[in-house]
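Read off the chains here:
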Amino acid sequence: MLRAFGALLLAAALLGSAQAQGNAKRGEYLSQAGGCLGCHTEKKEGAVPYAGGRALHTPFGTFYGPNLTPHPDAGLGKWSEADFVRAMREGLRPDGAHYFPAFPYPSFTRVTDADLRDLWAYLRALPPNARPNQAHELRFPFGFRFVLAGWKWLYFSPGAFRDEPGRGAALNRGAYLVQALGHCGECHTPRNFLGGPRRDLQLAGTAKGPDGKSVPNLTPTHLRKWSDAELRDILQTGLMPDGDVIAETMAEVVRNSTEKLNPADLAAMIAYLRSLAPLPEPKD
Ligand code: HEC
Ligand code: HEC
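Digging into the packing of aromatic side chains
To describe a pair of aromatic rings, one takes the distance between the centres and the angle between the planes. Tallied over the full model, the rule gives 11 aromatic pairs. Between Phe 140 and Phe 144, the ring centres sit 6.2 Å apart and the planes meet at 90°, which makes this aromatic pair edge-to-face. Since its relative accessible area comes to 70%, Phe 140 is described here as exposed. A residue is classified by how much of its surface remains accessible, and Phe 144, at 40% relative accessible area, is partly exposed. Feature note: the residues Tyr 99, Phe 103, Tyr 105, Phe 108 and Phe 156 constitute an aromatic cluster, connected by ring pairs.

Quick notes on the coordination of the iron atom of ligand 2
Ideal donor angles around a metal are set by the shape: a four-donor tetrahedron calls for 109.5 degrees, a six-donor octahedron for 90 or 180 degrees. Around the iron atom of ligand 2, the donor atoms from the protein are His 188 (NE2) and Met 250 (SD), and they sit 2.1 to 2.2 Å away. Its 6 donor atoms give the iron atom of ligand 2 angles of 87 to 179° at the centre, a pattern that matches the octahedral case. Of the two residues, His 188 is situated in helix α9 (residues 185-188) and Met 250 in helix α12 (residues 248-256); the sequence distance between them amounts to 62 residues. Judged by relative accessible area, which is 9%, His 188 ranks as buried. Judged by its relative accessible area of 21%, Met 250 is partly exposed.

As for the site of ligand 2
Taken together, 20 residues lie near ligand 2, and Cys 184, Cys 187, His 188, His 222 and Met 250 sit nearest. The side chain of His 222 places a nitrogen or oxygen atom 2.6 Å from an oxygen atom of ligand 2. The separation between an oxygen atom of ligand 2 and a polar main-chain atom of Ala 247 is 2.7 Å. Breaking the shell around ligand 2 down by element, the ones donating at least two residues are α9, α11 (228-237) and α12. For the shell around ligand 2, the element with the highest residue contribution is α12, accounting for 3 residues. Here the shell around ligand 2 is composed, by residue class, of 14 nonpolar, 6 polar and no charged.

The rules we used
- All residue numbers refer to position in the chain's written sequence, counted from 1.
- Starting at A for chains and at 1 for ligands, labels are handed out in the order in which the entities are written.
- The predicted nature of this model means local features are confined to residues of pLDDT at least 70 and side-chain atom pairs, given and counted, to a pLDDT of 80 or more, with totals for whole chains, interfaces and linings taken over all residues.
- Here the side-chain values reflect all heavy atoms present in the structure, with hydrogen atoms and water set aside.
- To pair, rings of Phe, Tyr and Trp, with the six-membered ring standing in for Trp, must have centres within 6.5 Å; the planes then decide the type, stacked if under 30 degrees apart, edge-to-face if over 60, and tilted in the middle.
- For every residue, the accessible area obtained with a 1.4 Å probe (protein chains only) is divided by the maximum for its type, and the residue is called buried under 20%, exposed over 50%, and partly exposed between those limits.
- Donor atoms (N, O, S) are those found within 2.8 Å of the metal centre, with the cutoff raised to 3.2 Å for Na, K and Ca; water is not part of the atom list, so apparent gaps in a site can occur.
- Angular criteria define each label, namely tetrahedral for four donors with all angles between 85 and 135 degrees, square planar for four and octahedral for six donors with opposite donors over 155 degrees apart and remaining angles between 65 and 115, and irregular for whatever fails these tests.
- The numbering of helices and of strands both runs from the N terminus, where a helix is a DSSP run of H or I of at least 4 residues and a strand a run of E of at least 2.
- Residue proximity to a molecule or strand is established when one non-hydrogen atom of the residue lies within 4 Å of it.
- Counted as a polar contact is a pair of N or O atoms within 3.5 Å, where, for protein atoms, one must be capable of donating a hydrogen and the other of accepting one, and residues adjacent in sequence contribute only when both atoms are in side chains.
- Under the scheme applied here, ten amino acids are nonpolar (Ala, Val, Leu, Ile, Met, Phe, Trp, Tyr, Cys and Pro), four are charged (Asp, Glu, Lys and Arg), and all others, including Gly, are polar.

Given below as C-alpha cells:
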C-alpha cells in the first residue's frame with residue numbers, strides 16, 4: 001500500500017517536471033525552424049553540432065557562433081532557463097552585457113515562452129562538448145558592447161509574437177515562422193548604414209545583402225513569378241524551377257531549416273508571404 005503510494009508520488013513528480021521542463025523533441029524541431037545549427041557549428045568535416053566556431057563575416061567584422069552545448073565551462077552548462085530566455089528575448093548576456101545582432105535576437109525575441117522552454121530543453125539534452133569559444137574580430141568601434149545599447153534603443157523592440165485576431169490560424173502560424181524562428185527578414189529586409197532594418201521595406205529584398213550579394217524580394221511583387229508548388233520545391237530542395245541551384249547563403253537556410261519543416265508549416269509560411277503587401281523591387 002505504502003509502496004503504491006510512493007510510486008504514485010514518483011509518477012506525479014515526473015509528470016510535473018516534464019511539464020515544467022519543456023519538450024526536447026519539440027525543441028529539436030524548433031531549433032531546425034530557427035536554423036540554430038548553421039551559426040553554432042564550425043564549417044568543416046566532422047565538426048561537433050552546436051559546439052560553436054562558425055565564422056560569420058559581416059561589414060562590422062567576423063563573429064564566431066559560440067558553443068551552445070551544456071558543457072560547464074565551454075558552453076551553457078552553468079546557465080539557467082531564465083538566462084536563456086533573457087538572451088533570446090532581450091539580447092542580454094547573463095552578466096547584463098548586450099549581444100551583437102549577428103545573433104538574430106531581434107527576430108528571436110518574437111519566439112513564444114512555450115517554444116523558448118522547449119528549445120532550452122533540447123539544448124540541455126545535447127552532449128556537452130569542451131570546444132572553447134573564440135573572440136569575435138570586430139572593427140572599431142564595434143568591438144565595444146556598450147555601443148550596442150544605442151543600436152538596440154533605435155532598432156530593437158523586444159516581445160513575443162502575438163496572433164493577429166481575424167487573420168486565421170494558418171496565416172498567423174506562417175507569420176510566426178517567418179518573423180520569429182525563421183528570421184527571414186535578417187537577410188531579406190534592407191538595412192540602413194547603421195545596420196538597422198528598414199521597417200518600411202520589410203522582406204522587400206536588397207541589392208546589398210550578406211557578402212554584398214543581392215537578396216530577392218519575398219513580397220508578391222517578385223514571388224508571384226512562382227506557383228505555390230514551385231515555392232515549396234525551392235524551400236525543400238534549394239533548386240530553382242529554372243534549373244539553377246540557389247546561392248549558398250540561402251542553400252544553407254534550406255539545408256538547416258526550411259527542408260526540415262513539416263508540410264503544414266511550409267504551406268503556412270508560403271501563404272503568409274503571399275498575403276504581404278507588394279513592395280517595390282530593391283533599387284540600389
Ligand atoms: C545568423 C547566425 C545565428 C543563428 C541563426 C543563431 N545564432 Fe545564436 N548566436 C550567434 C552569434 C554570432 C552569437 C554571439 C553574439 C555575441 O557574442 O554578441 C550567438 C549567441 C547565442 C547565444 C548566447 C551564447 C553565449 O555563450 O553567450 C545563445 C543562447 C544562442 N545564440 C542561441 C541560439 C539559438 C537557440 C538559435 C536558434 C533558434 C540561434 N542561436 C541561432 C549567431 C546565430
Ligand atoms: C542568411 C541569409 C538568408 C536568410 C536567413 C534567408 N534567406 Fe532566403 N535568400 C537569401 C539569398 C542570398 C537568396 C538569393 C539566392 C540566389 O540568388 O540564388 C535567397 C533566396 C530566397 C528565395 C528564392 C527567391 C527567388 O525567386 O530567387 C526564397 C523563396 C527565399 N529566399 C525564402 C526565404 C525564407 C522563407 C526565409 C526564412 C525562412 C529565408 N529565405 C531566409 C538569403 C537568406
